[in-house]
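Structural overview for review
These are the residues of each chain, in order.
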Amino acid sequence: MQISKESLFHLALTRNQSARYAILPGDPGRVERIASLLDAPTFVAQNREFTTWCGTLEGERVLVTSTGIGGPSAAIAVEELAQIGVHTFIRVGTCGGMQTQVQAGELVIPTGAIRAEGTSQEYIPLAFPAVPSFTVLQALVNAAKKMQVGYHTGVVHCKDSFYGQHAPQSMPSAPWLENNWQAWIRAGALASEMETAALFTVGATRGLRTGAVLLALWNQERERQGLPNPHVSDTTPAIQAAVAAMRQLILDDKCSGK
């Protein structure tokens, strides 16, 4: 797909708004908040679920672009940002815990994603794993350690249907949904969300660096077992970890001449 001389088809960005780094929240409402942690934050464009602000870190332009909910729109955002030069992406979002040790307010940094969604299957056959770039993963883990916040690393579950997870019994495919959910838990999946598998897969296909940091909002398995399970909505720790990791990646790239 070629870039329009005027703007990208979905993101409404142009070539002169290019950058090499991007932070991707799902929620358009978080974009300005994330951009406020950058130097000289400026609104750039808005179209549909895609809102973009720009700022700098260590003198390097960084775009903050919302992807909306789910793999299809996340893939669109990554594809179009790559067309204007972005090569490093960090998703910052939320998830629901699946293992009882994952508590609300803690971070989940995915080392891989279960491809139980449809978008990634239109890129690469299912046997190919959805994994982040090691350098981005390492930067995110280092950021979480320095912040001294609770965090977990491991595999997350990615889906297309929010209510397929939260009300599976109401679906005609309930036995399949419920059996798979228990299989993912038994295999050790930490949390469930909706965009990371697409991000990692598009990144692998297009030769991009990707990573993700997620805030656990709550944990339905802790709820089911009657364990303490507050609901947390403050995404500040995940946002701070994403920005700190991006800063480190930029500094490392400058040192290596990338």
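What comes next concerns the included structure.

What to know about the overall build of the chain
The secondary structure content of the chain amounts to eight helices and nine strands. Taken against the 2.2 N^0.38 rule, which gives 18 Å for 258 residues, the C-alpha radius of gyration of the chain at 18 Å falls within 12% of a compact globule. In terms of principal-axis extent, the alpha carbons of the chain reach across some 50 × 40 × 30 Å. Put simply, the chain has 258 residues, and 53% of those count as buried. Looking at the chain alone, contacts between residues at least 24 apart form 76% of all its contacts between residues at least 6 apart. For the chain, the computed accessible surface area is about 11500 Å², with 54% contributed by carbon and sulfur atoms. Charged side chains in the chain number 20 positive and 21 negative. The centres of these two groups are separated by 5 Å.

Regarding the packing of helix H2 (residues 71-83) against helix H6 (residues 196-206)
At a minimum axis separation of 9 Å, H2 and H6 run at an interaxial angle of 35°. Two packed elements cross with a definite hand, and for H2 against H6 that hand is right-handed. Residue-level inspection shows Gly 71, Ala 75, Val 78 and Glu 79 of H2 in contact with H6, the latter providing Ala 198, Leu 199, Val 202 and Arg 206. Looking at the contact of H2 with H6, its residues break down into five nonpolar, one polar and two charged.

Side note on the pairing of strand S7 (residues 151-159)
Sheet analysis places strand S6 (residues 107-116) next to S7, joined by nine bridges and oriented parallel. In the strand pairing of S7, Gly 112 is matched with Val 155. Inspection of the sheet shows S7 paired to strand S8 (residues 191-193) by three bridges, in the parallel sense. Residue pairing for S8: Cys 158 is matched across the bridge by Glu 193.

Topic: the packing of helix H3 (residues 134-147) against helix H8 (residues 236-256)
One way to put it is that H3 packs onto H8 with a least axis distance of 8 Å and a crossing angle of 125°. With respect to H8, the element H3 is oriented oblique. Read as a crossing pair, H3 and H8 show a hand that is right-handed. Residues Thr 135, Val 136, Ala 139, Leu 140, Ala 143, Lys 146 and Met 147 of H3 touch H8, and the partners they reach there are Pro 237, Gln 240, Ala 241, Ala 242, Ala 244, Ala 245, Gln 248 and Leu 249. Grouping the amino acids of the contact of H3 with H8 by side-chain chemistry returns 11 nonpolar, three polar and one charged.

Comments concerning unusual backbone geometry
In this model, Ala 12 sits at a positive phi of 60°, which is unusual for a non-glycine residue. In this fold, Ala 12 is placed in the segment before strand S1 (21-25). With a phi angle near 55°, Arg 48 is a residue other than glycine that sits in the positive phi range. Within the element layout of this structure, Arg 48 appears in the loop between strand S2 (39-47) and strand S3 (50-57).

So, the nonpolar core
Counting 34 residues, the largest nonpolar core has Leu 13, Leu 63, Leu 81, Phe 89 and Val 108 as its most contacted members. Elements supplying a minimum of two residues to this core: S1, S3, H2, strand S5 (88-97), S6, S7, H6 and strand S9 (209-219). Leave out the neighbours within four places in its chain, and Phe 89 touches Ala 22, Leu 24, Val 78, Leu 81, Ala 82, Val 136, Leu 199, Leu 208, Arg 209, Thr 210 and Gly 211. Grouped together as the second largest cluster of nonpolar side chains are 32 residues, Val 64, Ile 109, Val 141 and Ala 242 included.

Considering the pairing of S2
Relative to S3, S2 runs antiparallel, the two sharing six bridges. Bridge assignment links Asp 39 to a residue of S3, and that residue is Thr 56. Between S2 and S3, which pair antiparallel in sequence order, lie two residues; one of them, Arg 48, sits at a positive phi of approximately 55°.

Things to note about the side chain of Thr 119
By secondary structure assignment, the location of Thr 119 is in the loop between S6 and H3. Relative accessible area serves as the criterion here: at 10%, Thr 119 is assigned to the buried category. Residue contacts for Thr 119: discarding those within four places in its chain leaves Gly 71, Pro 72, Ala 75 and Ala 198.

Definitions and limits used
- Residues numbered from 1 in each chain as written.
- Predicted model: local features only at pLDDT ≥ 70, side-chain atom pairs only at ≥ 80, totals over all residues.
- Heavy atoms only, no water.
- Helix = DSSP H or I, 4+ residues; strand = E, 2+ residues; numbered from the N terminus.
- Rg over C-alpha atoms; globule rule 2.2 N^0.38 Å.
- Buried < 20%, exposed > 50% of the residue type's maximum accessible area, 1.4 Å probe, protein only.
- Contact = heavy atoms within 4.5 Å.
- Areas by Shrake-Rupley, 256 points an atom, 1.4 Å probe, with all protein chains shown as cover.
- Lys, Arg positive; Asp, Glu negative; His and termini not counted.
- Charge placed at Lys NZ, Arg CZ, Asp CG, Glu CD.
- Axes fitted to C-alpha atoms, helices over the stretch in contact; angles between N-to-C directions.
- Left-handed = near helix turned anticlockwise from the far one by under 90°.
- Nonpolar A, V, L, I, M, F, W, Y, C, P; charged D, E, K, R; others polar.
- Pairing = 2+ DSSP bridges.
- Parallel < 35°, antiparallel > 145°, perpendicular 65-115°, else oblique.
- Core = buried A, V, L, I, M, F, W, Y, C linked by side-chain atoms within 4.5 Å.

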